[in-house]
Protein chains: 2
Amino acid sequence: MEPIKTVEELARSFRKLPGVGSKTAERLAYATLHLTKEEKERFILALTDARDKVTKCPRCGFFYEERCPLCSDPTRDRKTLLVVSDSKDILAIEKTKSFHGLYFTLDGLLSPLKNRTAEAIGVDRLVERVREEKVEEVILALGTDMEGETTRLYLSNVLAPLSVKVSRLAYGIPVGTHLEYLDNLTIAQSIQFRVGMDKGEDHHG
Amino acid sequence: MEPIKTVEELARSFRKLPGVGSKTAERLAYATLHLTKEEKERFILALTDARDKVTKCPRCGFFYEERCPLCSDPTRDRKTLLVVSDSKDILAIEKTKSFHGLYFTLDGLLSPLKNRTAEAIGVDRLVERVREEKVEEVILALGTDMEGETTRLYLSNVLAPLSVKVSRLAYGIPVGTHLEYLDNLTIAQSIQFRVGMDKGEDHHG
């Protein structure tokens, strides 16, 4: 059977979304044909709005329609800045409801191989913002891989001359996991950064 | 953080697709924002085409843009009709490349509880087609649950007065599965409908 062009095009679009492989993309494309006319209309409208109405916040890198729900929130702590390398991470952190400061999104992580220099990922903008807004603490919430480590090290050096506390997320055992399923490095880190039982909830100790 | 309306709308659309739960829908909605402008354009265009260009074939229930790739294919065996209850199943069967007849899609399965009568699911249309096109064999490829069994029984009774062979898909052990993972009924069926080793590939024997 010859393939249907529209289905192929739809599958190609679904395929662009993370976690969607070619089989899933094809399944979703056919499923889209099964939507009612009204459901298709709504889908098209939502996508058109995503293209036309949603803006990327120039300050934090998150998305908004009228004004940034994060940067414009007067109840948030403006002296604590959490740095991520991808604005998707902001959503993951917001869901925890355990951070109430502001955000800064780098344009990726340092990588000589991919030609991503400090300038390219926006380190200058970060330094400028820390200085101008008199930020008191910068929390580096970057990945734990090679690029993440390199970027974290680079940023802590760059930020050192400014009077700002620089911290990183705690490494350790994910809650609800058994040791036997974890890699050696994670276990080693959880031993190295062990927390005294008397410290209770004080993670900054 | 207040939710973004467009993201909620996008998630609602993704949620309509089978196999997409609310968490996946939200993840896909945010991922859609991350697409480039060109990728969004393409996605919108593909969806618009799905709405405007794709037609459901009135004969077999599958989709096409210009003419049905199945019904219009002169190389297919027009005397064998495979009946499904959902046009998605046509795709699954086509992928096996092991059926070369034509298709008929019922509007679901018989269900007194859901008020789906023989008339509602299109049994009359099926009988009419079998009679008019002098179909020689009808293969019932319906589900193996209660509704599927009921519909299969009903159809074989309705088709009995016509001079047409009625068959159903073989029940048995899925290829590549171990017995220990299978339910009792499947194993019992695979024993009841066992095939003599000398029969080789002759499934109709």
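The rules behind the values
For every chain, the first residue of the written sequence is number 1, and numbering continues from 1 along that sequence. Whichever chain is written first becomes A and whichever ligand is written first becomes 1, with later ones labelled in order. Given that the model is predicted, a residue must reach a pLDDT of at least 70 before its local features are reported, and side-chain atom pairs must reach 80 or more before they are shown or counted; all residues, however, enter totals for whole chains, interfaces and linings. Just so you know, side-chain values use all the structure's heavy atoms and leave hydrogens and water out. Salt bridges are defined as contacts in which a side-chain nitrogen from Lys or Arg sits within 4 Å of a carboxyl oxygen from Asp or Glu. Strands here are runs of E lasting at least two residues and helices are runs of H or I lasting at least four, both read from the DSSP assignment and numbered beginning at the N terminus. Whether a residue is buried, partly exposed or exposed follows from its accessible area with a 1.4 Å probe, protein chains only, as a fraction of its type maximum: under 20%, in between, or over 50%, in that order. The atoms used to superpose the copies are C-alpha atoms, taken from residues with pLDDT of at least 70 in both, and the fit is least squares. Working rule for contacts: check all heavy atoms of both residues, and any pair within 4.5 Å makes them a contact. Each polar contact in these results corresponds to two N or O atoms within 3.5 Å; when the atoms are within protein, one needs to be able to donate a hydrogen and the other to accept it, and residues that are neighboring in sequence are counted only if both atoms are side-chain atoms. Side-chain classes are defined by residue name, with Ala, Val, Leu, Ile, Met, Phe, Trp, Tyr, Cys and Pro counting as nonpolar, Asp, Glu, Lys and Arg as charged, and the others, Gly among them, as polar. By convention, a stacked pair of Phe, Tyr or Trp rings (six-membered ring in the case of Trp) has centres within 6.5 Å and planes under 30 degrees apart, an edge-to-face pair has planes over 60 apart, and any other such pair is tilted. Charge-over-ring contacts are defined here by two conditions on Lys NZ or Arg CZ: a distance within 6 Å of the ring centre and an angle within 35 degrees of the ring normal. Note that the arc is computed from the directions linking the helix axis to the C-beta atoms. As a per-residue quantity, pLDDT reports the predictor's confidence and falls between 0 and 100. Two strands pair if DSSP finds at least two bridges between them. We call a crossover right-handed when, viewed with the strands running away from us, the connection from the first strand over the helix to the second turns clockwise. Interaxial angle, 0 to 180 degrees, is taken between N-to-C directions of lines fitted to C-alpha atoms, where a helix line uses only the stretch in contact. Nonpolar side chains (Val, Leu, Ile, Met, Phe, Trp, Tyr) within 5 Å and like charges within 9 Å form the patches, drawn only from residues with over 30% relative accessible area and no salt bridge. Here, Shrake-Rupley sampling with a 1.4 Å probe gives the accessible areas, and only protein chains in the shown set may cover a residue. Working convention for charge: Lys and Arg count positive, Asp and Glu count negative, and His plus the chain ends are omitted. Charge positions are represented by NZ for Lys, CZ for Arg, CG for Asp and CD for Glu.

**So, the pattern of salt bridges**
Residue and element names in this part refer to chain B. Summed over all chains, the structure comprises 32 salt bridges over all chains. Across the salt bridge formed by lysine 37 and glutamate 41, the nearest N and O atoms sit 3.8 Å from each other. In this pair, lysine 37 and glutamate 41 both sit in helix α3 (residues 37–52), four residues apart, roughly one turn of the helix. The exposure class assigned to glutamate 41 is partly exposed, which follows from its relative accessible area of 31%. Residue glutamate 147 is joined to lysine 114 by a salt bridge in which the shortest nitrogen-to-oxygen separation is 3.2 Å.

**What to know about the relation of the copies chain B and chain A**
Structural alignment of chain B on chain A gives an RMSD of 0.1 Å, achieved by rotating through 180° and translating 0.0 Å along the axis. Considering both components of the superposition, the chain copies are consistent with a two-fold axis. Residue Ile44(B), judged by its C-alpha, is the member of chain B lying nearest the rotation axis, at 3.0 Å. Take the interface residues of chain B: 100% of them recur as interface residues in chain A, which is what a same-surface contact looks like.

**Side note on the interface of chain B and chain A**
Across the boundary between the two partners, chain B contributes 50 residues, which contact 50 residues of chain A. In this structure, Arg42(A) engages Glu9(B) in a salt bridge whose closest nitrogen and oxygen atoms are separated by 3.0 Å. At the boundary of chain B with chain A, the tally comes to 15 residue pairs in polar contact (both at pLDDT 80 or more). Among the elements of the structure, α1 (5–15), α2 (22–33), α3, β2 (63–64) and α4 (88–96) of chain B are those that each provide at least two residues to the side of chain B that touches chain A. By residue number, the principal contributor to the side of chain B that touches chain A is α3(B), which donates 13 residues. Split into classes, the residues belonging to the side of chain B that touches chain A amount to 24 nonpolar, seven polar and 19 charged.

**Things to note about the packing of aromatic side chains**
In this structure the tally under the stated criterion is ten aromatic pairs over all chains. Ring centres of Phe99(A) and Tyr103(A) lie 5.2 Å apart, and the angle between their planes is 65°; this geometry places the pair in the edge-to-face category. Neither residue differs from the other here; Phe99(A) and Tyr103(A) are each classed as buried. Among the aromatic residues, ring-to-ring pairing joins Phe14(A), Phe43(A), Phe14(B) and Phe43(B) into one connected group. We note Arg168(A) situated over the ring of Phe193(A); from NZ or CZ to the ring centre the distance is 4.7 Å. If you follow Arg168(B) out to its NZ or CZ, it ends over the ring of Tyr171(B), 3.8 Å from the centre.

**So, the side chain of Ser111(B)**
With respect to the secondary-structure elements, Ser111(B) resides in the loop between β4 (102–105) and α5 (118–121). When near neighbours in sequence (up to four residues on either side) are disregarded, Ser111(B) contacts Arg116(B) and Glu147(B).

**Examining α1(B)**
Listed in full, the buried residues belonging to α1(B) are Thr6(B), Val7(B), Leu10(B), Ala11(B), Ser13(B) and Phe14(B). Each buried residue of α1(B) lies within a common arc of 160° when the element is viewed along its axis, so the set occupies one face. Each element contacted by the buried residues of α1(B) is listed here: α1 (5–15) and α3 (37–52) of chain A together with α2 and α3 of chain B.

**Remarks on the confidence of the model for chain A**
Low pLDDT marks stretches whose predicted atomic positions should not be read closely. Averaged over all residues, the pLDDT of chain A equals 89, while 96% of them reach at least 70. Across the assembled chains, the prediction reports ipTM 0.75 with pTM 0.74.

**A word on the pairing of strand β3 (residues 80–84) of chain A**
Residues and elements named next belong to chain A. Most of β3 is tucked away: five of the five residues are buried. Burial along β3 is two-sided: the residues Thr80, Leu82 and Val84 and Leu81 and Val83 are all buried. Pairing of β3 with strand β4 (residues 102–105), which is carried by four bridges, proceeds in the parallel orientation. From the neighbouring strand, leucine 81 faces β4, where its bridge partner is leucine 102. Read from β3 through helix α4 (residues 88–96) to β4, the crossover connection turns out right-handed.

**Observations regarding the sheet that holds strand β3 (residues 80–84) of chain B**
Residues and elements named next belong to chain B. The sheet built from four strands is open, its strands ordered β4-β3-β5-β6 with parallel pairing. In the strand order of this sheet, the two ends are held by β4 and β6 (165–168), each with one partner. When the angles between neighbouring strand axes are averaged without regard to direction, this sheet yields 25°.

**As for a negative patch on the surface**
All names here are of chain A. A cluster of acidic residues, Glu119, Asp124, Glu128 and Glu132, forms a negative patch at the surface. Per-element tally for the negative patch: the top contributor is helix α6 (residues 123–132), with three residues. As for its placement among the helices and strands, aspartate 124 is situated in helix α6.

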